[in-house]
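Survey of secondary and tertiary structure
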Amino acid sequence: MATRKYKIGMVAAEFNYEITSLMAARAEAEAEFLGVDIVKKIMVPGVFEVPLAVKSLVDDPEIDAVITIGAVIEGETEHDEVVMGQSSRKIMDLSLESGKPVAFGLTGPGMTELQAMDRIEKGAQVVDAAVKMLQRLGL
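Below: a short report on this structure. (Residues numbered from 1 in each chain as written. Predicted model: local features only at pLDDT ≥ 70, side-chain atom pairs only at ≥ 80, totals over all residues. Heavy atoms only, no water.)

Our next topic: the overall build of the protein. From N to C terminus, the protein includes 5 helices and 5 strands. Going from the N terminus to the C terminus, the protein shows its helices and strands as β-α-β-α-β-α-β-β-α-α. The C-alpha radius of gyration computed for the protein amounts to 14 Å, which stays within 12% of the reference 14 Å derived for 139 residues, consistent with globular compactness. Each principal axis of the C-alpha atoms in the protein carries an extent, and together these give about 45 × 30 × 20 Å. Within the protein, buried positions represent 45% of all 139 residues. Taking the intrachain contacts of the protein between residues at least 6 apart in sequence as the baseline, contacts between residues at least 24 apart amount to 81%. Surface summary for the protein: the accessible area is close to 7300 Å², and the carbon and sulfur share equals 55%. Looking at charge distribution, the protein has the averaged site of its 14 positive side-chain charges lying 10 Å from that of its 22 negative ones. (Helix = DSSP H or I, 4+ residues; strand = E, 2+ residues; numbered from the N terminus. Rg over C-alpha atoms; globule rule 2.2 N^0.38 Å. Buried < 20%, exposed > 50% of the residue type's maximum accessible area, 1.4 Å probe, protein only. Contact = heavy atoms within 4.5 Å. Areas by Shrake-Rupley, 256 points an atom, 1.4 Å probe, with all protein chains shown as cover. Lys, Arg positive; Asp, Glu negative; His and termini not counted. Charge placed at Lys NZ, Arg CZ, Asp CG, Glu CD.)

Here you go:
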């Protein structure tokens, strides 16, 4: 259980919604179980748009931490690798610049749709990671 009522923001990608919606539902259930509130949710078109939404949430003084939700499935080109590489780097930068935990709940690259479905529990794990970082950093 969380020691105080943390306020978390969620950024979730709509692309591959049949997967990300399940991940988001798992995140919400885990937040409720831990006694933290997901107070703001931003849906973005895809993983490439996640960093901009994360920035708006880390800039909000009411938000203690941010979780990200997304699934990048391998296609015929290396697009999945480019999107994940660039997005993950910027998400990390935003966490370091803001001093707020930004938990990484993006899955991929290089996975099939079936592999993505096997990873929907990442939604709960990302909430756990955010809460642990808040507690361990004393935020």
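Next comes the rest of the write-up.
Taken N-terminus to C-terminus, the directions of helix α2 (residues 50–58) and helix α3 (residues 79–98) make an angle of 10°; their axes are 9 Å apart at the nearest point. When the axes of α2 and α3 are compared, the pair comes out roughly parallel. Across the interface between the two elements, V50, P51, V54, K55 and V58 of α2 pack against S87, K90, I91, L94 and S98 of α3. For the contact of α2 with α3, the residue count by class is 6 nonpolar, 2 polar and 2 charged. (Axes fitted to C-alpha atoms, helices over the stretch in contact; angles between N-to-C directions. Parallel < 35°, antiparallel > 145°, perpendicular 65-115°, else oblique. Nonpolar A, V, L, I, M, F, W, Y, C, P; charged D, E, K, R; others polar.)

In this structure, V83 sits in helix α3. Those residues in contact with V83, other than ones at most four positions away along the chain, are V47, F48 and V72.

Membership of the largest hydrophobic core comes to 24 residues, with the highest contact counts inside it found for M10, V36, I67, I69, V127 and V131. Elements with a contribution of two residues or more to this core: β1 (7–13), α1 (17–34), β3 (65–73) and α5 (122–137). A per-element tally of this core places α1 first, with 6 residues. Membership of the second largest hydrophobic core comes to 19 residues, among which are I42, V50, L57 and V58. (Core = buried A, V, L, I, M, F, W, Y, C linked by side-chain atoms within 4.5 Å.)

Here we come to unusual backbone geometry. Excluding glycine, residues mostly have negative phi values, and the peptide bonds linking residues are mostly trans. Here G108 and P109 are connected by a cis peptide whose omega angle stands at 0°. Relative to the helices and strands, P109 resides in strand β5 (residues 106–111). Positive phi values are uncommon outside glycine, yet N16 reaches one of about 65°. Summarising the element assignment, N16 is placed in the loop between β1 and α1. Among the residues examined, N16 registers a relative accessible area of 15% and is labelled buried.

Turning our eyes to something else, we now look at the packing of α1 against α5. Two quantities define a packed helix pair, namely the angle between the helix axes and the distance between the axes. Between α1 and α5, the shortest axis-to-axis distance is 6 Å and the interhelical angle comes to 40°. In terms of axis orientation, α1 runs oblique to α5. Note that α1 runs across α5; the crossing there is right-handed. Together, M23, R26, A27, E30, A31 and L34 of α1 and K122, G123, A124, V127, D128 and V131 of α5 make up the contact between the two elements. Of the residues assigned to the contact of α1 with α5, the class counts are 7 nonpolar, 1 polar and 4 charged. (Left-handed = near helix turned anticlockwise from the far one by under 90°.)

By themselves, these observations are geometric and do not establish any function.
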